[in-house]
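Observations on the three-dimensional arrangement
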Amino acid sequence: MAALAGDVTGGGVGEQARSEPPDTALRPVRILIVDDDALVRAGLSMILGGTPDLTVVGEAADGSEVMAVTAACRPDVVLMDIRMPRLDGLAATELLRALPRPPEVLVLTTFDADEHVLRALRAGAGGFLLKDTPPAEIVRAVRRVAAGEATLSPTVTRTLIAHVTAGTAADPRRDRAAQLLAGLTERERAVAVALGRGRTNAEIAAELFMSVATVKAYVSRLLTRLDLNNRVQVALLVHDAGLV
């Protein structure tokens, strides 16, 4: 469990699925802010808009607006609240991540209930932070998520640890996870387990005697074969199956 706690928060377990991470080295990261509180949107715009490598390209006041605004402004990262009046951020995240080339989603909320955390991550969110996170850390989190890395607040990490230690052999989710992973080749399974332990691509390459490029290829193959969005979901699946 220590690997999950230490490496997920550090950004070692995140990668986009089915599309390459945005080329943010040559242009600012494009951000869409989704929150029903106008003051929160204004504050986040000030924090993020004052950073040279980030630019706020749009705002939405409800999850029901997200798809249209995303199509119009094509963000790299969507900063998503959970509680909104018509369509909540969790449902909006599921819709976004079902797009052929989805933006990354960073959930930023005052609510860290277990069901919210797990649903957001299983839907493909690349990060989950609480709104009391310091501004500098929010900026760093946006950069990490844009680069295809995961970022979770310490309280969220504790939720994940509690989740993966609470499963039993009779848990249907455990059986489903084991069945999905059983269809992998031995090498794919080894990479999946390494992801579950929170290993970075470089660490996996060293452990399994591969090049980093080969590890990246295996990760992409895993995401496709398992129909998952990112490495956090692979890690959750491996833990659900009881392999780590």
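Residue numbers here run from 1 along each chain, matching the order of that chain's written sequence. Selection of residues for local features in this predicted model requires a pLDDT of at least 70, selection of side-chain atom pairs for listing and counting requires 80 or more, and totals for whole chains, interfaces and linings are taken over all residues. Side-chain numbers here rest on the full set of heavy atoms in the structure, without hydrogens or water.

Brief notes about the nonpolar core
In terms of nonpolar packing, the biggest core is built from 24 residues, with Val-34, Val-78, Met-80, Val-105, Val-107 and Phe-128 touching the most fellow members. Taken together, the elements giving at least two residues each to this core come down to strand E1 (29–34), helix H3 (66–73), strand E3 (77–80), helix H4 (89–97), strand E4 (104–109), helix H5 (114–123), strand E5 (127–130) and helix H12 (231–240). Only heavy atoms enter the contact rule, under which two residues are in contact if any of them lie within 4.5 Å. Apart from residues no more than four positions distant in its own chain, Val-107 is found in contact with Met-80, Ile-82, Ala-120, Ala-125, Gly-127, Phe-128 and Leu-129. Ala-177, Val-215, Val-234 and Leu-237 belong to the second largest nonpolar core, which has 22 residues in total. Among buried residues, the Ala, Val, Leu, Ile, Met, Phe, Trp, Tyr and Cys ones that are joined through side-chain atoms within 4.5 Å form a nonpolar core. Any residue under 20% of the maximum accessible area for its type is buried, any over 50% is exposed, and the rest in between are partly exposed; the area is computed with a 1.4 Å probe on protein chains only. Under the DSSP-based scheme used, a helix requires at least four consecutive residues in state H or I and a strand at least two consecutive residues in state E, with every element numbered from the N terminus.

Some details on the confidence of the model for the protein chain
Residue-level confidence of the predictor is what pLDDT reports, using numbers from 0 through 100. Confidence in the prediction of the protein chain, expressed as mean pLDDT, is 80, and 79% of residues score 70 or more. Scored below 50 in pLDDT, residues 1–21 shows 76 contacts in the model against residues more than four places distant or in partner chains.

Some words on the pattern of salt bridges
A pair is scored as a salt bridge if a Lys or Arg side-chain nitrogen falls within 4 Å of a carboxyl oxygen belonging to Asp or Glu. Tallying each qualifying case throughout the model produces 13 salt bridges. Taking the shortest distance from any N to any O, the salt bridge between Glu-137 and Arg-144 comes out at 2.6 Å. Classification of Arg-144 by relative accessible area gives buried; the value is 16%. With a shortest N-O distance of 3.8 Å, Glu-188 and Arg-221 are connected by a salt bridge. Placement of Glu-188 in helix H9 (residues 186–196) and of Arg-221 in helix H11 (residues 212–226) is noted, with a sequence separation of 33 residues between them. In this structure Glu-188 comes out as buried when scored by relative accessible area, which is 2%. A cluster of three or more residues bridged by salt bridges with shared partners is formed by Asp-35, Asp-81 and Lys-131.

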